Amino acid sequence: MYLTWTLLTVTIVVVSRLVYRKGTDLLANIIPAVCRKYPDVDFIIGGDGPKRILLEEVREACQLDDRVTILGTVEHTKVRDVLVQGDIFLNTSLTEAFCIAIVEAASCGLQVVSTHVGGIREVLPAHLIRLAHPSVKSLMIELDSAIQDCRHGNYVSEDEAHRRVAKMYCWKDVAKRTETVYHTVAMETSKSFLERLNSYYLCGPISGKFFVIIALINYLLLAIIQWLQPATDIDLSPSCPPVSPACRPLSYTTNPINHNFSASKE
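Side note on the side chain of D40
Locating D40 in the fold gives a position in the loop between α1 (24-37) and β2 (41-46). Once you skip the residues sitting within four places of it in the chain, D40 turns out to touch L8, T9, V10, R67 and R151.

Set out below in structure tokens:
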């Protein structure tokens with residue numbers, strides 16, 4: 001389902017720790033560029049950190065006090081209230097493993113523009129996110145596209161985006177996938193020490209030899225530790241009985257996206 005009306009003002013939201021790793025320097029260059037090109041685009045920035053002063057200096061130097069709002073630290077329970085004030089969520093991270101912030105933003109119905117780093121491309125489907133290289137030029141191209149889509153209503157509606165994200169992420173599904181990983185690892189046969197050394201050796205002509213030396217040193221240290229304190233002297237942890245379904249907490253089947261991040265802007 002796509003919206004069809006035109007927005008008078010487009011608001012870009014950033015919720016992030018204001019540090020170098022989160023690409024605050026990129027953001028500091030993007031803000032004046034966007035504001036010069038689009039007089040009807042404003043920014044709301046939530047978060048704090050050592051790079052906050054940089055954004056404040058840019059805002060003052062470019063005289064954007066009425067168009068760039070810096071909120072400072074935002075409690076997690078208030079993040080949703082900040083997100084629903086915007087139309088586009090911008091993530092400028094230089095490195096990222098998962099980035100829960102873009103999931104929360106998409107769940108609230110925002111278009112997501114993000115740097116293409118780490119595992120971000122695996123977090124959301126292509127129709128809910130625009131990916132850019134971590135550069136001002138690349139991010140501006142994707143922001144231009146997102147702003148035009150906002151103006152023409154060419155994006156997935158808030159309720160539909162929320163339903164799609166809620167379907168993708170729920171505790172029951174996460175627990176099931178985690179259990180599958182553990183079972184897969186548990187079923188693998190253990191390699192002998194010589195087999196592991198061979199695997200390290202094949203990692204590269206130089207790095208392989210380095211890994212083998214480190215492994216041998218670790219093995220020697222482990223042998224010394226076991227001689228000083230034999231494993232037979234260490235108490236074993238008793239096996240815990242499986243938890244019956246009736247004793248599992250209710251949050252096990254609760255959808256975190258549905259519970260915390262409604263797409264409604266009321």
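From this point, things continue past the structure.
As for the sheet that holds strand β4 (residues 88-91)
The sheet built from six strands is open, its strands ordered β3-β2-β1-β4-β5-β6 with parallel pairing. Strand pairing shows two members of the sheet lacking a second neighbour, β3 (68-72) and β6 (129-132), which therefore form its edges. Neighbour-to-neighbour, the strand axes of this sheet turn through a mean angle of 20°, independent of strand direction. As paired strands, strand β1 (residues 10-15) and β2 are joined by six bridges and run parallel to one another. Its bridge partner being in β2, V15 is matched across the sheet by G46. Packing against the sheet, helix α2 (residues 52-61) makes contact with β2 and β3, and its axis sits at approximately 155° to β3.

Considering a negative patch on the surface
Taken together, the side chains of E57, E60, D65 and D66 make up a negatively charged region of the molecular surface. With respect to the helices and strands, D66 occurs in the loop between α2 and β3. A residue is classified by how much of its surface remains accessible, and D66, at 64% relative accessible area, is exposed.

Here we look at the packing of aromatic side chains
For the structure on display, the rule yields three aromatic pairs. Both rings, one in F193 and one in Y219, keep their centres 4.3 Å apart while their planes meet at 25°; by these two values the pair is stacked. Of this pair, F193 sits in helix α8 (residues 193-201) while Y219 sits in helix α9 (residues 207-228), and the two are 26 residues apart along the sequence. Judged by relative accessible area, F193 falls into the partly exposed class, the value being 23%. Relative to F211, the ring of F210 has its centre 6.2 Å away and its plane inclined at 55°; by these criteria the two rings are tilted. The exposure class of F211 is partly exposed, given its relative accessible area of 36%.

Side note on the confidence of the model for the chain
For the chain, the average pLDDT comes to 88, and 87% of its residues sit at 70 or higher. Of all helices and strands in the chain, the one with the weakest mean pLDDT is helix α10 (residues 256-260) (53), whereas β4 scores best (98). Segment residues 250-254 is flagged for pLDDT under 50; beyond a separation of four residues in sequence, or across chains, it makes six contacts in the model.

Each value, and the rule that gives it
Counting restarts for each chain, with residues numbered from 1 along the sequence as it is written. Where local features are concerned, this predicted model is filtered to residues with pLDDT of at least 70; where side-chain atom pairs are given and counted, the filter is 80 or more; whole-chain, interface and lining totals use all residues. No hydrogens and no water enter the side-chain calculation; it runs on all heavy atoms of the structure. Only DSSP runs of H or I with at least four residues qualify as helices, and only runs of E with at least two residues qualify as strands; both kinds are numbered from the N terminus onward. Only heavy atoms enter the contact rule, under which two residues are in contact if any of them lie within 4.5 Å. By this definition, two strands are paired if DSSP reports at least two bridges between them. Axis angles are defined between N-to-C directions and span 0 to 180 degrees, where every axis is a line fitted to C-alpha atoms and, for a helix, only to the segment in contact. Patch construction takes residues with relative accessible area above 30% that form no salt bridge. Like charges are linked within 9 Å, and nonpolar side chains (Val, Leu, Ile, Met, Phe, Trp, Tyr) are linked within 5 Å. To measure how exposed things are, a 1.4 Å probe is used in the Shrake-Rupley method; for residues, cover is taken only from the protein chains shown. Basic side-chain nitrogens of Lys or Arg form a salt bridge, by our definition, when they fall within 4 Å of a carboxyl oxygen of Asp or Glu. Positive charges come from Lys and Arg alone, negative charges from Asp and Glu alone, with His and the N- and C-terminal ends not counted. Working definition for charges: the position is that of NZ of Lys, CZ of Arg, CG of Asp or CD of Glu. Burial status follows relative accessibility: with a 1.4 Å probe on protein chains alone, a residue under 20% of its type maximum counts as buried, one over 50% as exposed, and anything between as partly exposed. Geometry of aromatic contacts follows a simple scheme: Phe, Tyr and Trp rings, the Trp one being its six-membered ring, pair when their centres are within 6.5 Å, and the pair is stacked under 30 degrees between planes, edge-to-face over 60, tilted otherwise. Looking at any residue, its pLDDT shows the predictor's confidence there, from 0 to 100.

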